[in-house]
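Structural features, examined
Spelled out from the first residue to the last, the chains are:
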Amino acid sequence: MTRELELRLDHVTLSVADIDAAKAFYVAALAPLGLGIVGEMSARQSGSVAMVGFGIGRKGQLWLAEKGRQHPASHICFRVDNRRAVRDFHAAGLEAGGTDNGAPGIRAAYHPEYYAAFVTDPEGHNIEALSFGPEDGNA
Amino acid sequence: MIDHTGLSVTDFEAAKKFYDAALAPLGAKLLMMVPPEHTGGVKVGGYGKTKPDFWLHQGQKQTPPLHFAFAAESRAEVDAFYKAAIAAGGKDNGAPGLRPQYHADYYGAFVLDPDGHNIEAVCHKKAGK
């Protein structure tokens, strides 16, 4: 068995106050990163609160639960293999109601190849896209 | 994929004790503390295997509680995570076992950390793999 080199977050659940608004933001912002909706449940279906999950294929990586506005907000960073996807994430996130929290560019303080962009979602969560890769690739 | 995320913790030393124990069976440990001169004196530390993937920073309690699931490479790792997390003061929130409502090979365990966040280890592989 090959050991994974990284401690991997299988999935994370954040709370939001308005799941419809949050969903619209994440659908747009995460599409350039290759993530889409993998599951969705109304409060009635889940037996608790409305939820929506984003991931690749069938597996959810980020779940939103409509439990109310979370305080303090969270930070989540998604890694992709090319810089174009990072820029597309930033542009799409702003277009979809997010707030700029750091334009696409190298963050040399972290690593010479750390190319990232930051967008604050409608609920205040700080969402980042990061690439150590080349300009283009198979996001 | 998620590269990194983190958690605001009310008692850094209590959280460190819990996560040191809970994440060790997954092969992770506290890899670095950010120098206090870069954080304004706030304790910030990152857990991982080869790079920090999960950050704790001293601060306010996050509410509603969050849920983090860490990928385990075997069911034995899930079992070890649960045992270590409970021994370190975590509160049972679901013993190791299959959760077929998610999928047939979803083997998870759930423990509440010192601030009440729901921490899970999950293995998606078939038994014995």
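All of these numbers come straight from a predicted model, not from anything done at the bench. (Residues numbered from 1 in each chain as written. Chains lettered and ligands numbered in written order. Predicted model: local features only at pLDDT ≥ 70, side-chain atom pairs only at ≥ 80, totals over all residues. Heavy atoms only, no water.)

Considering the pattern of salt bridges
As enumerated under the stated definition, the model contains 15 salt bridges over all chains in all. A:Glu135 is the salt-bridge partner of A:Arg87, the closest N and O atoms lying 2.3 Å from each other. Highlighted residues: A:Arg87 in helix H3 (residues 83-95) and A:Glu135 in the segment after strand E9 (126-131), separated in sequence by 48 residues. In this structure A:Arg87 comes out as partly exposed when scored by relative accessible area, which is 29%. Close ionic contact of B:Lys43 with B:Glu13 constitutes a salt bridge, the shortest N to O distance being 3.1 Å. Residue B:Lys43 is found in the loop between helix H2 (36-39) and strand E3 (44-48), and its partner B:Glu13 is found in helix H1 (residues 12-23); the two are separated by 30 residues along the sequence. One salt-bridge network, held together by shared partners, links A:Glu6, A:Arg79, B:Asp3, B:Lys51 and B:Asp53. (Salt bridge = Lys/Arg side-chain N within 4 Å of Asp/Glu carboxyl O. Helix = DSSP H or I, 4+ residues; strand = E, 2+ residues; numbered from the N terminus. Buried < 20%, exposed > 50% of the residue type's maximum accessible area, 1.4 Å probe, protein only.)

So, the interface of chain B and chain A
Listed as interface residues are 36 residues of chain B and, on the opposing side, 33 residues of chain A. Buried area between chain B and chain A, both sides added, is near 3100 Å², and the carbon and sulfur share of it is 55%. Three residues, B:Met1, B:Ile2 and B:His4, lead the burial of chain B against chain A; their summed loss comes to 24% of the area buried on that side. Where chain B meets chain A, there are one salt bridge. The tally of links from chain B across to chain A stands at 21 residue pairs in polar contact (both at pLDDT 80 or more). At the level of secondary structure, the elements contributing two or more residues to the side of chain B that touches chain A comprise strand E1 (2-9), E3, strand E4 (52-58), strand E5 (67-71) and strand E9 (118-123) of chain B. (Contact = heavy atoms within 4.5 Å. Buried area = accessible area lost by both parts, 1.4 Å probe. Polar contact = N/O pair within 3.5 Å; in protein donor to acceptor, adjacent residues only side chain to side chain.)

Description of the confidence of the model for chain B
Mean pLDDT over chain B: 96, with 99% of residues reaching 70 or higher. Scoring of the predicted complex yields 0.95 for pTM and 0.94 for ipTM. (pLDDT = per-residue confidence, 0-100.)

Some thoughts on the pairing of E3(B)
Residue and element names in this part refer to chain B. Burial analysis of E3 places five of its five residues in the buried class, which makes it a mostly covered element. Burial along E3 is two-sided: the face carrying Val-44, Gly-46 and Gly-48 and the face carrying Gly-45 and Tyr-47 are both buried. Note that strand E2 (residues 29-33) and E3 share four bridges and pair antiparallel. Across the sheet, Met-33 pairs through a bridge with Gly-45, a residue of E3. Inspection of the sheet shows E3 paired to E4 by five bridges, in the antiparallel sense. Its bridge partner lying in E4, Gly-46 is registered against Trp-55. From the end of E3 to the start of E4, which pair antiparallel, there are three residues. (Pairing = 2+ DSSP bridges.)

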